[in-house]
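Residues per chain, in single letters:
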Amino acid sequence: MSEILTVQNLTKRFGGLTAVDGLSFSIQTGETLGFIGPNGAGKSTVVNLMSGYLPADEGRIIFDGTDITNKKAHERAHLGIARTYQIPRPFPEMSAFMSVTAAVIAGKQRLNQSFEDAGGEATHYLEFVGLFSKRNILARDLTFYELRMLELARALATTPKLLFLDEVMAGLNPGEATRAVDMVVRAKEQFALTVFWIEHVMAVLIEAADRIIAIHYGQKLAEGTPEEVVNNDTVIEAYLGKGWKQYA
Ligand SMILES: Nc1ncnc2c1ncn2[C@@H]1O[C@H](COP(=O)(O)OP(=O)(O)OP(=O)(O)O)[C@@H](O)[C@H]1O
Ligand SMILES: [Mg+2]
C-alpha cells in the first residue's frame, strides 16, 4: 500500500489554544481510516487543515507526492480532495440539481464544459444518493438527512480520490444514520475512494474502518486496527470510558 496523504508535525493554534499539536500520520491509498477523539480534540480542525479551509501554523501536508501545504482549498479539490461538513453548508436558495451541477463544474476546473454535460453528471450523483426525486427542491426545503446526502453528492461530484467525512451520522435518527453509513460504504466501492472518517459511533467505525487514529488535545493517542485502538487503555481513559462497549 502507498500513502495518498501524509501530514507531518501539523499544528494549528487559535489564540492561546493549540487545537492541533504536532500531529503526524498517513492515509493509505484505498483504506478507510477512522478518526476519533473527544469533543474539542481537534478532529474537524485536522480536516479543515487537510482540505485547505484553514492554513496550518506549522507542518507539512503531502498529497499524492505533491506538497499541498500552501495550496488553496479549490486547488486541493482539483487535485482530488473532497470533504463534507459536520454541519451541512448548503446554498439555501439553490436547487439540489444546481448545487450538484455547480460542484461538477467547480470540481474539475472544466469551466468550458457544457451545462448539459455537467447537469447529466449531476443527475448521476443525485440518483446515487437517492435525491433524484428532490432535484428541483431548494436546499432550504430539504430535510437534514437530505442535506447530508446533498453534501455527499456535491463531494462525489468533484470526482475525488480522497474523501474526508466529518460526522455523517450526527443529527440523524437511527434509521437515517444507518442509511447514511450504507451510502458511504457504497460510495467508497463505486467511486474507488480513500476515506478519512470522523465519527463518534464506535460500532460503525469498528465495522467500516481498516484502521483508526485517536487524538486528544490535538495529539495522537493511538493508531492501529479498530480492535487495537478501542482496547487501548489511554483511549478508553480519555474518550471511550470503561463502559463504552455497553453503548457501542
Ligand atoms: N475557527 C476556530 N476559532 C477558534 N477556536 C476554534 C476554531 N475551530 C475550532 N476551535 C477550537 O479548537 C478545538 C478543536 O475543535 P474541533 O472542532 O477541531 O474539535 P472536534 O474534535 O472536531 O470536536 P467535536 O467532536 O465536538 O466536533 C476546540 O477547543 C474548538 O473550540
Ligand atoms: Mg468536529
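You'll find the structure just up there.
To start, this report covers the structure provided alongside it. Source: prediction; values computed, not measured. Once a new chain begins, its residue numbering starts again from 1 and follows that chain's sequence as written. Labels are handed out in written order, letters beginning with A for the chains and numbers beginning with 1 for the ligands. Whole-chain, interface and lining totals are the exception, using all residues; otherwise, since this is a predicted model, local features are given only for residues with pLDDT of at least 70 and side-chain atom pairs are given and counted only at 80 or more.

Let us now look at unusual backbone geometry. Even without a glycine there, the phi angle at Asp64 is positive, about 50°. In DSSP terms, a helix is any run of H or I states spanning at least four residues, a strand is any run of E spanning at least two, and both are numbered starting from the N terminus. Within the fold, Asp64 resides in the loop between strand E4 (58-63) and strand E5 (66-67). Remark: C-beta atoms are placed from the backbone, and a residue is labelled buried if 20 or more other C-beta atoms sit within 10 Å of its own, exposed if 12 or fewer do, or partly exposed between those counts. Look at Asp64 and you get partly exposed, because 15 C-beta atoms sit within 10 Å.

Before going further, it helps to examine the sheet that holds strand E1 (residues 3-14). For two strands to be treated as a pair, DSSP must find no fewer than two bridges joining them. Pairing in this open sheet of 4 strands is antiparallel, and the strands run E2-E1-E4-E5 from one edge to the other. Two strands in the sheet have a free side with no partner beyond their single neighbour: strand E2 (17-28) and E5. Bridge count between E1 and E4: 5 bridges; the pairing is antiparallel. Paired with Thr11 across the bridge in E4 is Glu58. Its contacts with the sheet place helix H1 (residues 43-51) against E1, E2 and E4, and it is angled at close to 115° to E1. C-beta atoms are placed from the backbone for every residue, and two residues are taken to be in contact when these atoms lie within 7 Å. To obtain an axis, a line is fitted to C-alpha atoms, over the contacting stretch when the element is a helix, and the angle between two such axes runs from 0 to 180 degrees between their N-to-C directions.

One can find Ile68 in the loop between E5 and helix H2 (73-79). Distance in space between the C-alpha atoms of Ile68 and His216 is 25 Å, their sequence separation being 148 residues. Ignoring any residue separated from it by four or fewer positions in sequence, one finds Ile68 in contact with Ile61, Phe63, Arg76 and Leu79.

With that settled, consider the nonpolar core. The biggest cluster of nonpolar side chains holds 72 residues, and the ones touching the most others in it are Val100, Ala153, Trp197 and Ala214. In this structure, Val100 is in contact with Ala122, Tyr125, Leu126, Ala153, Arg154 and Ala157, ignoring residues within four places of it in sequence. The term nonpolar core refers to a group of buried residues, namely Ala, Val, Leu, Ile, Met, Phe, Trp, Tyr and Cys, whose C-beta atoms join them within 7 Å.

What follows concerns the site of ligand 1. Surveying the vicinity of ligand 1 reveals the residues Phe14, Leu17, Ala19, Gly37, Asn39, Gly40, Ala41, Gly42, Lys43, Ser44, Thr45 and Gln86. Sorting the residues of the shell around ligand 1 by element identifies E2 and H1 as the ones contributing at least two each. Ranked by the residues each element gives to the shell around ligand 1, the list is headed by H1, at 3 residues. Residue composition of the shell around ligand 1, by class: 4 nonpolar, 7 polar and 1 charged. Working rule for contacts: place C-beta from the backbone, and if it is within 6 Å of a molecule or strand, that residue counts as near it. For this classification, Asp, Glu, Lys and Arg are treated as charged, while Ala, Val, Leu, Ile, Met, Phe, Trp, Tyr, Cys and Pro are nonpolar and the rest, including Gly, are polar.

One less than the number of residues in a helix, times 1.5 Å, gives the span that helix is expected to have. Between the first and last C-alpha of helix H6 (residues 174-190) there are 24 Å, a value that for 17 residues agrees with the 24 Å anticipated at 1.5 Å per step. Those residues of H6 that sit buried are Ala180, Val181, Val184 and Ala187. For H6, the buried positions fall inside an angular range of 125° around the axis, keeping them on one side. Away from its buried face by more than 90 degrees, H6 exposes Pro174, Gly175, Asp182, Arg186, Glu189 and Gln190. As used here, the arc is the angular range of directions from the helix axis to the C-beta atoms.

Here we take up the sheet that holds strand E9 (residues 211-216). The mixed open sheet is built from 6 strands, whose spatial order is E6-E7-E8-E3-E9-E10. The strands lining the two open edges of the sheet, one partner per strand, are strand E6 (81-83) and strand E10 (219-224). Neighbouring strand axes in the sheet, compared pairwise and without regard to direction, differ in orientation by 20° on average. Sheet analysis places E9 next to E10, joined by 5 bridges and oriented antiparallel. Each bridged residue has a counterpart across the sheet, and for His216 the counterpart in E10 is Gln219. Each of strand E3 (32-36), E9 and E10 touches helix H9 (residues 233-240); the most contacted strand, E10, lies at about 125° to it.

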